[in-house]
Amino acid sequence: MTNQLALALGHVRNAVWQLMGNDRDDGLFLGLEALDLEALLGFDDVDPEVPSLEPNPAASLVVARDLLEDVPDEVPPAAWAALQALIVKLG
Amino acid sequence: MATVGELLRVLEYRAHTLTRTPEDTVASHVAGWMGLAKATQHAIASLPLGGRSEVVKAGVRNVLAPLAHGPRDPLVGIDPAPQLTTLAQTMGGISDILADNLRAGGRAEQAGTEALKLEASLLSAVHVAARWSHGTMADQKLPTTRVSIMAFLDDLAVVTEPYALIPPGQRSSILEDFAVRAPNASGLDGVTVAWAEAAAATLGERYRVSGWAMQAIAGDLALLSLAARKAVLAAVSGELSPQNAAAISERLATSARSWRAAATWPRHLRLGGRASDLRAASRDIREAIVANPPQGVGEWRRVLGSVTPVALAHLAVMRRLVRGHELWIHGSALDPELGVALGWVREPQRSHEGAPLVKAAQAGYQALDCAMTMLGTTADASATTTARPRWAPETARQPNHPNDWIGLGAPVPSSRLSPRI
């Protein structure tokens, strides 16, 4: 496991926190999808980093994606589709 | 998915359309009653009537026991009367569903009156069958066996008669919502059963509990509460009064809000581990809510009934994790300057970062449990479970449908029915 994956996982966790914690009705559903993504990335029980918050959940996920693109061999293939779909949903 | 209410309608239809056939000999009735009486005993035994079971149910049990036991000499080569067999199969289906749903004794609002109403419906059908059977055997010759079974049926008819005097509309019970709890059943009903099994398995084993699982379970409970609230607000007229709908919806809104808070773990708290079973079940819940959410209050009562025990288990586990300081906290939350280097450590005694999660779970469970109780006590059972006459022509089911072991066949048109005793 590299630091990149741990950092990316940290950003996904940030996105979960941002989505679950907002008061929007769709935040809960999207938060659960982000949580699902967290499970995909944390399949090997990776210890996540605790990075600074991005301005919004979409930005957190974009940063996570950028980090993961540096370590594609460590990313479960299913995570790419879930991550991309979530970024699109969040606009 | 077959519910107790649906099977009850089949049972009543069959009981009220019993006719005499050449197979209705004394011996076949003796054999037939062994099955029906046993199935009835099991169904009644599952009902939480209140009081001391052995005393409260003694009268019915005493009159069913000799019929269930059968004659002293074994019946060899005797086929049970077919119509009694189908009644026994339907009663057996009801009994199985009750036993499955009431394994833990049932909720408070399901005990007492609601259980008594269902008991009345079951025994009313048994009463009709006893009288029919008695009448069928009256002119047959088979001295000792006939005399004793006639006496047993007399006793049964006397004990069950008071139940048969209650009009069906006055004995609709919320227990009629119970259904076969099968994970492979269609819709949210089945998905919820599978989810509840996966969640209970995760929460029940210490090594399987993880921060992710705790968040996912809380989040799913929030989502289910939100969807149930939507259905309650949209409940068709008659299912819930506007006042009750508003009160239940308020509890469900509190439940959704609280469980969402319980799912929002601070970024610096975690508990490692994986839960692949739960991940799949959680995804299925989301898909089922979007694709085909239940509309009726009765279905939601069933769904929430499946998940409420999980909510309680979640609260208990969350409490244990926080009180036992079993969560892991990131050093940066303990000391912003020097803590980063620490990384993840067990939460020290002086830290109580998880306490708000326990409070949220507590509030979520209380609101959900309260909503369940209100759904059980304020919903109009006759509207939610038996919106039409019990065995009205348009709802009557065709008996002896192929592969129809519990009697739920295709609907058949029928002329006006009446008991043929």
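Residues numbered from 1 in each chain as written. Chains lettered and ligands numbered in written order. Predicted model: local features only at pLDDT ≥ 70, side-chain atom pairs only at ≥ 80, totals over all residues. Heavy atoms only, no water.

Asker: Help me out: how do you make sense of empty space enclosed by the protein in this one?
Answerer: Rolled over the atoms, a probe with the dimensions of a water molecule shows which regions are left empty. The final tally for this structure, using the stated rule, is four cavities of 30 Å³ or more. Roughly 50 Å³ of volume is contained in the second largest cavity. Taken together, R13, V16, W17 and E38 of chain A together with Q215, W265, P266 and R267 of chain B form the lining of the second largest cavity. Considering every element that reaches the lining of the second largest cavity, the biggest residue donor is helix α1 (residues 3-21) of chain A, with three residues. In the lining of the second largest cavity, the residues fall into four nonpolar, one polar and three charged. (1 Å grid on protein atoms, 1.4 Å probe; cavity = no way out; pocket = protein on both sides within 12 Å on 5 of 7 lines; lining within 4 Å. Points joined across faces, edges and corners; volume = space filled by probe spheres on them. Helix = DSSP H or I, 4+ residues; strand = E, 2+ residues; numbered from the N terminus. Nonpolar A, V, L, I, M, F, W, Y, C, P; charged D, E, K, R; others polar.)

Asker: Would you take a moment to explain the packing of helix α3 (residues 57-68) of chain A against helix α4 (residues 77-90) of chain A for this structure?
Answerer: Between two packed helices, the angle of one axis relative to the other and the distance separating the axes together describe the packing. All names here are of chain A. Axis separation between α3 and α4 bottoms out at 9 Å; the angle between their running directions is 150°. Put simply, α3 runs roughly antiparallel to α4. Like other packed secondary-structure pairs, α3 and α4 cross with a definite hand, here left-handed. Contacts between α3 and α4 involve P57, A58, L61, V62, R65 and L68 from the first element and W80, L83, Q84, L86, I87 and L90 from the second. The residue inventory of the contact of α3 with α4, partitioned by class, reads ten nonpolar, one polar and one charged. (Axes fitted to C-alpha atoms, helices over the stretch in contact; angles between N-to-C directions. Parallel < 35°, antiparallel > 145°, perpendicular 65-115°, else oblique. Left-handed = near helix turned anticlockwise from the far one by under 90°. Contact = heavy atoms within 4.5 Å.)

Asker: Before we go on, may I ask you to explain the side chain of K57 of chain B in this structure?
Answerer: Residue and element names in this part refer to chain B. Positionally, K57 belongs in the loop between α3 (53-56) and α4 (58-69). Although K57 lies buried, it forms no salt bridge, and the closest oppositely charged side chain, E119, sits 7.1 Å away as judged by the N-O distance. Beyond its immediate stretch of four places on either side in the chain, K57 contacts I44, A45, S46, L47 and L49. (Buried < 20%, exposed > 50% of the residue type's maximum accessible area, 1.4 Å probe, protein only. Lys, Arg positive; Asp, Glu negative; His and termini not counted. Salt bridge = Lys/Arg side-chain N within 4 Å of Asp/Glu carboxyl O.)

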